[in-house]
Every structure is written in structure tokens, then in C-alpha cells.
Amino acid sequence: MKILIIGGDAAGMSAAMQIVRNSKGHEITVLEKGGVYSYGQCGLPYVISGKIDSTERLIARTQETFRDKYGIDARIFHEVLQVDSENKMVSGLDHSNGQSFSLSYDRLLIATGVSPVVPDWEGASLSGIFSLKTIPDAKKIIDYMQRDIKNVTVIGGGYIGLEMAESFAELGKKVTMIERNEQLAKIFDHDMAKLIHGEAEKQNIILKMGESVEAFAGNDHVEFIKTDKGEYETDLVLIAIGVRPNTTFLEGTGIIKNVNGAIQVNAYMQTSIKDIYAAGDCATQYHRIKEKDDHIPLGTHANKQGQIAGLNIVNIHKTFKGVVGTSIIKFFNLTLGRTGLSETEAKLLNIPCQSVTIQSSDIAGYYPNNKKLTLKLIYHKETYKILGGQIIGGNGVDKRIDVLATALFNSMTTDQLLDLDLAYAPPYNGVWDPIQQAARRVK
């Protein structure tokens, strides 16, 4: 069987490896638009800050490894421009030599990921204005930072914006964050986001909330950024306002996409066209709490969906069980964790909900060096089923958010949270874990 995979990162190569490990005799070809295979995109901000000393450390397997060790025809600089689903052909351009190519397939996996959204702002072509998604993107930023960079502006307050604001600040730069909404980190409720704002201000990050970027100005490089409320000096700009699925090349195929352009898939990672699969950031993910398809582009989902797609492509049937919306991020001295629905999301979905917010500590309150935790638990007003949780603090956020994610995955109630047998010893926890303390407050 001729198996063709478009995209050589998390989802695509997870699928390829499952095919290699679980079946034999297939011809596997992977077409990667860029020049690097299978790397950890989430580590890029830490390469820029210097915490990780090289982008090479982010690469899990090289093109040569896939070719020589696993027998995968892994190609680079191959951009797919068209898919002919009727004749089972893909065509595109090999950027290494400028030549066109066409390849046939029996089964096709689309794992093309997402690209940063960069609006057509006036002056956006000036040097010194960047987005961050790939290793080459990171290298360009690192190279530009060799200049006399004092003022850095980050546009957008999501994951990448927060991580890069920290990275630039750790490099000694004066950092301004511009966000058109009234808060950073919109995946958190506003009351929890205030804690993030407080940490930003402690770290001397200048926040410009409720401002919309209109233009950039400068001679050959960016020198000013203009918003609807002011004009600010800057030596470097990072745009991190969101991403868009790389799916425009699929026009005319009949493949169904959602309003954001993500490819609609079922639990087997099948698209609406026979023998075409999709996985990862370019595809939808079923949200178990919302009970509908969503688009949450994260590396954890991409790897899982890629594995499941690979197995199904070779007729080993396995389903993707869905997501609950779990994520975590480091922001200076805070860890920001969330899972499930925010209170804002629940209300938009017309789900009757209530919430409880508590202050606690990561370990026993009397034990030295305990750190403050703020925990918000959202639950169904009538059934007391857990709908979501948000935790912000110094230590111990990760293990609590994972417990809540497990509870959400299994449709547990607040009463059932109280029944959990969680680990306790003063250096690790209080007698009642903070999530159980919150559950006890539920009325």
C-alpha cells in the first residue's frame, strides 16, 4: 500500500512510526514543507531565552534517521499545493530545486499543522517583526537579538505571548505586551487572569490591555508600533495573536472543514473523503465536556491523533477518545493550569454552572516553604458534575490540574472528588488536597 503523509512533525511522524512498528510491506512517503523533521515546537521560547542551549536539542529524529533506520521516504522542502481526491494524487513544488512533483497514494494523511496569524498591518514587512512557530523562526529572532535591542513588544497574551514575554525579560529587555482584549490568557476567567496581570507587573512587564494594533513604522526596521490608543517605541516585535490551520490547499477536494479551517475528522481520524485521514493541529478534536468537536492545537493532541491515524491507516482500529481542554504554562514565578470549561465558556454554552474559588497551599501549611495556590472549581449547578478547573500558583499546580483532568475525563462529580484517595505527607500535601478543599465548599 502506498501511504502518503503531508507534514513531518508531531502528528505526521507519530503516524509514520505506528505504521512502521505495526505493519510491513508499505511504501511510506512523507512530504515536509520545511527543512526539519520531528522537533519540539514548545521548546522554542526556551531556546531564545538561553535555557536550552540549541535548537538541535529539540529534534527528536532527523530526516536521515527516518530514511536510514526506518525506511521512510522522508522528503524536505516539498510543499503540497493540490490534492486530487478523485484520482488519489497530490502535486506540489520541491523548493530545493524549483521542480514540480506529483505522487499517487492509496491512503493519505494530512498533518500540516497551523501557521501564525499575521494581519496585513501597515509596515508589517519591516525587519524586526517576527512570529514564532518553527526552528528557522527562532533562529531569525536569535540572530536579530544580536543587535542593540532594548525595547521589545509582544502582541498577544496567549501561550506564546506569555512565554516569549518571559524569555525577553530574562534577557534583560524592556517588554511591553499589547492585547486587544481586557485580559491576558483568555482561556482563564477574568478573576484568575488578575493574578497573571499581577505577576507581569511584578516582573516590570508593561501591559497595554484593550488596545488594537494598527500599524508599524520605521525606516528599514521597526521603530514604532501604533495602536488605536497610542504610539510606542520598539526595537523588536513578536506577533502571537493566534494560529490558522494549514488547509487552504485542500479547496476543491470536498474535505469538510470547520469555520476555523480545521479538517473535520471522526474518532478514527477519517475525513469526509474515503482514504484521506487528518491529525494534529490542522484537524478537529472532540471535546468531551462540550460534547462537540473543537480545535485546540497542542502537541499532546497531535501526537495522540497521529498515533491513532497511523494505526487506522493500516486497519488496526482504534479511536481517539477526545480532549478535556487541559493546558499548563510557566509564567515567571507562577504556573498557570486549566482544564475543562472556564466559567465564561460554560455560560456561553448555556450550561447552568456555579464556581468556588479558594486560597490554599501546595503542601501542609505548617511545613516550611509552602507556596500559595489559587484554585477555581467550576461545576454543574444541578448535577454537581465537574465542568472545569483553574489553578495558579508557585508549586504543585501540575499534579492538581492533572487530577482534575482525570476527573473530567471520567465525568466525576464534586462529591466523588472528595472520595479520591490522594497522597498525603506534610512535605507534599495537606490532609485535604486543595481540590478537595474546593469540593468541600460546594453547596
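Residues numbered from 1 in each chain as written. Predicted model: local features only at pLDDT ≥ 70, side-chain atom pairs only at ≥ 80, totals over all residues. Heavy atoms only, no water.

S.K.: Describe the environment of R441, with residues and values.
M.R.: Turning to its location among the elements, R441 is positioned in the segment after α11 (434-440). Note: C-alpha distance between R441 and V356 (85 residues apart in sequence) is 6.9 Å. The contacts of R441, once residues within four sequence positions are left out, are V356, T357 and I358. (Helix = DSSP H or I, 4+ residues; strand = E, 2+ residues; numbered from the N terminus. Contact = heavy atoms within 4.5 Å.)

S.K.: Explain the layout of surface pockets residue by residue, including any values.
M.R.: Estimated volume of the second largest pocket: approximately 250 Å³. Together, L195, G198, E199, K202, N333, L334, K371, K372, T374, I392, G393 and G394 line the second largest pocket. For the lining of the second largest pocket, the secondary-structure elements that each account for two or more residues are α6 (190-202), β24 (372-380) and β25 (386-393). Here the lining of the second largest pocket takes 4 residues from α6, the largest share from any one element. (1 Å grid on protein atoms, 1.4 Å probe; cavity = no way out; pocket = protein on both sides within 12 Å on 5 of 7 lines; lining within 4 Å. Points joined across faces, edges and corners; volume = space filled by probe spheres on them.)

S.K.: How would you summarise the nonpolar core if you had to cite specific residues and measurements?
M.R.: Generally speaking, nonpolar side chains in soluble globular proteins are found buried as a group. With 50 residues, the main nonpolar core has I72, V83, V90, L108, L109 and I110 as its most contacted residues. Looking at this core, the elements that each hand over two or more residues are β1 (2-6), α1 (10-22), β2 (27-31), β4 (78-84), β6 (99-104), β7 (107-110), β18 (276-278) and α7 (299-313). No other element matches α1, which puts 6 residues into this core. Every residue in contact with I110, bar those within four places of it in the chain, is listed here: I6, F249, L250, I255, I263, I276, Y277, A278, A279 and C282. Membership of the second largest hydrophobic core comes to 39 residues, among which are L132, L238, I329 and F332. (Core = buried A, V, L, I, M, F, W, Y, C linked by side-chain atoms within 4.5 Å. Buried < 20%, exposed > 50% of the residue type's maximum accessible area, 1.4 Å probe, protein only.)

S.K.: An account of the pairing of strand β21 (residues 327-331) is requested, with residue identities and associated values reported.
M.R.: Residues S327, I329 and F331 point to one face of β21 and are all buried, whereas I328 and K330, pointing to the other face, are not buried. Looking at chain direction, β21 and strand β22 (residues 334-340) are connected through 5 bridges and run antiparallel. Bridge pairing in β22 links I329 to L336. Remark: 2 residues form the turn of the hairpin made by β21 and β22, two consecutive strands paired antiparallel; F332 in that turn has positive phi of roughly 55 degrees. (Pairing = 2+ DSSP bridges.)

S.K.: Explain the UniProt feature "domain: FAD/NAD(P)-binding" (unreviewed entry) in the protein to me, using residue names and the numbers behind them.
M.R.: Per the UniProt record, the feature "domain: FAD/NAD(P)-binding" (unreviewed entry) sits at residues 1-306. The straight-line gap between the two end C-alpha atoms of residues 1-306 is 18 Å; of that span, 22% is helix and 27% is strand. (UniProt positions renumbered as here; feature names shortened; annotations may be inferred.)

S.K.: Help me get a handle on a nonpolar patch on the surface, residues and values and all.
M.R.: Together, Y366, Y367, Y424, V431 and W432 line one region of the surface with nonpolar side chains, adding up to about 570 Å² of accessible area. Considering the arrangement of structural elements, one finds V431 in the loop between α10 (414-419) and α11. (Patch = residues over 30% accessible without salt bridge, like charges linked within 9 Å, V, L, I, M, F, W, Y side chains within 5 Å. Areas by Shrake-Rupley, 256 points an atom, 1.4 Å probe, with all protein chains shown as cover. Salt bridge = Lys/Arg side-chain N within 4 Å of Asp/Glu carboxyl O.)

S.K.: Which residues make up the packing of α1 against α7, and what values go with them?
M.R.: Contact geometry for α1 and α7: axes closest at 7 Å, N-to-C directions at 40 degrees. As far as their axial angle goes, α7 and α1 are oblique. Relative to α7, the crossing made by α1 is right-handed. Across from A10, A11, S14, A15, Q18, I19 and N22 in α1, the residues of α7 making contact are A302, N303, G306, Q307, G310, L311 and I313. Grouping the amino acids of the contact of α1 with α7 by side-chain chemistry returns 7 nonpolar, 7 polar and no charged. (Axes fitted to C-alpha atoms, helices over the stretch in contact; angles between N-to-C directions. Parallel < 35°, antiparallel > 145°, perpendicular 65-115°, else oblique. Left-handed = near helix turned anticlockwise from the far one by under 90°. Nonpolar A, V, L, I, M, F, W, Y, C, P; charged D, E, K, R; others polar.)

S.K.: Talk me through the UniProt feature "domain: Pyridine nucleotide-disulphide oxidoreductase dimerisation" (unreviewed entry) in the protein; I want residue IDs and the actual numbers.
M.R.: According to UniProt, the positions carrying the feature "domain: Pyridine nucleotide-disulphide oxidoreductase dimerisation" (unreviewed entry) are residues 328-429. Here residues 328-429 runs as 25% helix and 36% strand, with 20 Å between its end C-alpha atoms.

S.K.: An account of unusual backbone geometry is requested, with residue identities and associated values reported.
M.R.: Most of the time, phi is negative for any residue but glycine, and the peptide bond is trans. The backbone of M269 sits at a positive phi, close to 70 degrees, despite the residue not being glycine. Note on placement: M269 falls in the loop between β17 (243-245) and β18. The residue E291 is not glycine, and still its phi comes out positive at about 60 degrees. For E291, the position within the fold is in the loop between β19 (285-287) and β20 (292-294). Overall, E291 belongs to the exposed group, its relative accessible area being 57%.

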